[in-house]
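A look at the structure
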Amino acid sequence: ARGAAAAGGMAAAAEGKAGNGHAEGPAAEERGGGGGLRGCRGFLRRNALVLLTVSGVVAGVALGTAVRRASLGPAQVAYLAFPGELLLRMLRMVILPLVVCSLVSGAASLDTRSLGRLGGIALAYFLGTTLLASGLAVALGFIIRPGAGASALNDPRLGLSGDVPTSKETVDSFLDLIRNLFPANLVAAAFRTYATEYKMLLRNTTSGNVTWEKIPVGTEIEGMNILGLVLFALVLGVALKKLGQEGEDLIRFFNSFNEATMVLVSWIMWYVPIGIMFLVGSKIVEMEDIVLLVTSLGKYIFASILGHFIHGGIILPLIYFAATRQNPYRFLLGLITPFATAFATCSSSATLPSMIKCIEENNGVDKRISRFILPIGATVNMDGAAIFQCMAAVFIAQLNNVDLNPGQIFTILVTATASSVGAAGIPAGGVLTIAIILEAIGLPTNDLSLILAVDWIVDRTTTVVNVEGDALGAGILNYLNEKEKKEKEQELKEVNVEAVANSKSEEETSPLVTHKNQVSNTTSTADPESKESVL
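Residues numbered from 1 in each chain as written. Predicted model: local features only at pLDDT ≥ 70, side-chain atom pairs only at ≥ 80, totals over all residues. Heavy atoms only, no water.

In the nomenclature of an unreviewed UniProt entry, the protein chain is known as Amino acid transporter of Cepphus grylle. A UniProt comment under Sequence similarities (unreviewed entry) is attached to the protein chain, and it reads "Belongs to the dicarboxylate/amino acid:cation symporter (DAACS) (TC 2.A.23) family." (UniProt positions renumbered as here; feature names shortened; annotations may be inferred.)

Observations concerning the overall build of the protein chain
Each helix and strand in the protein chain was counted, giving 22 helices and 2 strands. Looking at the 535 residues of the protein chain, the share that counts as buried comes to 43%. Taking as baseline every contact in the protein chain between residues at least 6 positions apart, the subset at least 24 positions apart corresponds to 81%. Of the roughly 27,500 Å² that the protein chain leaves accessible, carbon and sulfur atoms contribute 62%. (Helix = DSSP H or I, 4+ residues; strand = E, 2+ residues; numbered from the N terminus. Buried < 20%, exposed > 50% of the residue type's maximum accessible area, 1.4 Å probe, protein only. Contact = heavy atoms within 4.5 Å. Areas by Shrake-Rupley, 256 points an atom, 1.4 Å probe, with all protein chains shown as cover.)

Re the confidence of the model for the protein chain
A residue-level look at the protein chain finds 79% of positions with pLDDT of 70 or above and a mean pLDDT of 79. Per-residue pLDDT, averaged within each element of the protein chain, yields its smallest value for helix α21 (residues 511-524) (46) and its largest for helix α13 (residues 328-333) (93). Here residues 12-24 scores under 50 on pLDDT; set against residues more than four positions off or in separate chains, the count is 0 contacts. A low-confidence stretch, residues 154-163 stays under pLDDT 50, and its non-local contacts, those more than four residues away or across chains, total 18 contacts. (pLDDT = per-residue confidence, 0-100.)

Here's the deal with the packing of aromatic side chains
Tallied over the full model, the rule gives 5 aromatic pairs. With a centroid separation of 5.1 Å and 35 degrees between ring planes, the pair formed by Tyr320 and Phe331 is classed as tilted. Residue Tyr320 is found in helix α12 (residues 290-324), and its partner Phe331 is found in helix α13; the two are separated by 11 residues along the sequence. Of the two residues examined, Tyr320 and Phe331, each falls in the buried class. (Phe/Tyr/Trp six-rings, centres within 6.5 Å; stacked < 30°, edge-to-face > 60°.)

Focus on helix α18 (residues 406-419)
For an α-helix, the turn length of 3.6 residues means that residues three or four places apart are oriented alike. For α18, built from 14 residues, the straight-helix expectation of 20 Å at 1.5 Å per residue is met to within 8% by its first-to-last C-alpha distance of 20 Å. Of the residues making up α18, those classed as buried are Gln408, Ile412, Thr415, Ala416, Thr417 and Ser419. A side-chain oxygen of the first residue of α18 lies 3.1 Å from the backbone nitrogen of Gly407; this N-cap is Asn405. (Expected span 1.5 Å × (residues − 1). Polar contact = N/O pair within 3.5 Å; in protein donor to acceptor, adjacent residues only side chain to side chain.)

What to know about the pattern of salt bridges
Summed over all chains, the structure comprises 11 salt bridges. Overlapping salt bridges bring together Glu259, Glu360, Lys367 and Arg371 as one network. (Salt bridge = Lys/Arg side-chain N within 4 Å of Asp/Glu carboxyl O.)

Here's the deal with the environment of Glu213
Position of Glu213 among the secondary structure elements: in strand β2 (residues 210-222). Look at Glu213 and you get partly exposed, because its relative accessible area is 33%. Excluding its chain neighbours within four sequence positions, the residues that come into contact with Glu213 are Lys199, Met200, Leu201 and Arg203.

Structural notes on helix α11 (residues 272-286)
End to end, α11 covers 21 Å across 15 residues, agreeing with the expected 21 Å (1.5 Å per residue, within 8%). Of the residues making up α11, those classed as buried are Val272, Pro273, Gly275, Ile276, Phe278, Leu279, Val280, Gly281, Ser282, Ile284 and Val285.

Considering the side chain of Gln398
You can see Gln398 is positioned in helix α17 (residues 383-399). For Gln398, a relative accessible area of 9% gives the class buried. With sequence-adjacent residues up to four places away left out, Gln398 is seen in contact with Gly141, Phe142, Arg145, Pro146, Gly147 and Ala148.

Section: the packing of helix α9 (residues 226-243) against helix α10 (residues 248-268)
The geometry of α9 relative to α10 is characterised by a closest axis approach of 9 Å and an angle of 140 degrees between their N-to-C directions. With respect to α10, the axis of α9 lies oblique. Residues Leu236, Leu240 and Lys241 of α9 form the contact with α10, whose participating residues are Leu250, Ile251 and Phe254. For the contact of α9 with α10, a count of residues per class yields 5 nonpolar, no polar and 1 charged. (Axes fitted to C-alpha atoms, helices over the stretch in contact; angles between N-to-C directions. Parallel < 35°, antiparallel > 145°, perpendicular 65-115°, else oblique. Nonpolar A, V, L, I, M, F, W, Y, C, P; charged D, E, K, R; others polar.)

Dropping the structure here:
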C-alpha cells in the first residue's frame, strides 16, 4: 500500500512540474544568467593578481616604447625605474628570512628517511635536467651556428661595456663553491660572499730572469652567500628534529616566522604589477639601439630563446608527465604570476616568495615539500642558465673560428652543469660563470662584452626556465610523497583487516588472544559495550 501511494505521489509531482514548466522557464533562465555573472565575477576575483601582473608587463612594453621617443637623460630614466627598484628591494628584503625559516621548518617537519629520500630524488632531478639543458644548448649551437654570421659587432651604438668579468682559474672557482658552503661567519654570509682574486707578484729566478707570478688571494665581495645559508638551515632543521621535545619550541618559532613572512609576501604581491610595469618600461628606454642589436646578434638571441622554449615548453613538461601522469600545463597555469615576476626581475631569488605562495595556494603542493625544495632549487637548479652559458661558449668559439673537439664539448657540459650550481640568483649572475667555461676550454674572455650587450633580453627567458624547473621538481616530489603516503595507508588498512579476521577465528594459537575471546563471549550477552571495548 505504501509503494502504491509513493508511486501516485511521484506521478502527481511529475504532472505538477509539467504544468508549471512554462512558468518556471523564465525564472530558470534568469537564475542561469545570474549564475554566469557570478561565475565570471568569481573568476576575476580569483585570478585578479594574474591578470594584473600580465597587464603590467604589457603596459610596461607600451610605456617604454612611448617614452623612448622623448629621449630621456640618465637621471630621468633612473626616476622612471624607481617604482620597479622598490619592488626589487622589497622582494630581496624577504629572501633571507624566507629561505632560512622555510628550510629549517621543512627539514624539521620531515623524518630523516623521508628527508634523505626526497633530497636524493631532488638532487638527481636537478642534475639530470641541467645536463639535458646543457646538451640541448650545445646541439642547437652546432645546428644554428649563431657565431658564424655575426656582423657589426664593433659598432659603438651597441653600447658594449668594457667591464668584462675577471677570468678565474677553474679550480679556484670550484674551491670557492665549496668554501661558500661553509661560511666562517653566518651574519656576514647574509650580505657577503667569499671569492678568489689574484695578485701579481714579481719574482727573481735563479737564472737571473724576472717573472710575474699570479697568487690567489681570498676576498669578500658584496652579495648574499645563499649556498652557505641553505646548508646551515638544512642541518639546523635536522638537528632540531633530533632534539625531540627540547627542540619543539624553536621549531614552532621558525614555523611562525615563516608564516609571518608569507603574509608579508602576500602583501608585496599586490605591488608586483606596478613594479613590473616600470621595470620593463625603464629597460626598454635604457637600450641604445634595439634594431641594430637584434640584426647583429639576432641568431644568438634566437638560438638562446629557442633553447629555453624547447626545454621549458617541451622537455620539462614531458618529465613531469612521465613522473606523475598528470597534465603539466594545468600545473604551470597556476604559476603565471611568478613567471611574470621572473620575466620582469631576472632574479630567481626575487621570484622565490611569489613562487612559494602560488605553488601552495593554486597547485596544492604540501608546505613541507615546497618550502624544503624551492629554496634549494633557487640556489642549485639553473636549467635556463646552463642553456645560456653553453650557447654563449659555442657562440664565442664560432666567433673566433675555433672548432670544438669532443673533449672540449664534454668540458663545456660538465663545467656548465657544475658552475650553474653556484650561479648567483641575481640579474646577470650567469655571465660571471661563462668566464669559468671559457677559461676551461681555452677561449678568450674578451668577447664577453657581446654577451653582456644582449643579457638583458636573454636573461628574462633564462630566469623563467630556472623557476619553472624548480616548480615542476616540487610538483613531482609532492606527487611521489602523496603516492607513498597512500601506499602506507593502504598497507595499514590491510594489516587492520587481517588483525580483525584473526581475532574472529575459532582456532587461536595465542593464549592472550584466546583469553580475550573468552572474556568477550562471556560478556556478549550481558553488555554489548564491554564486548566492543575488549575487542
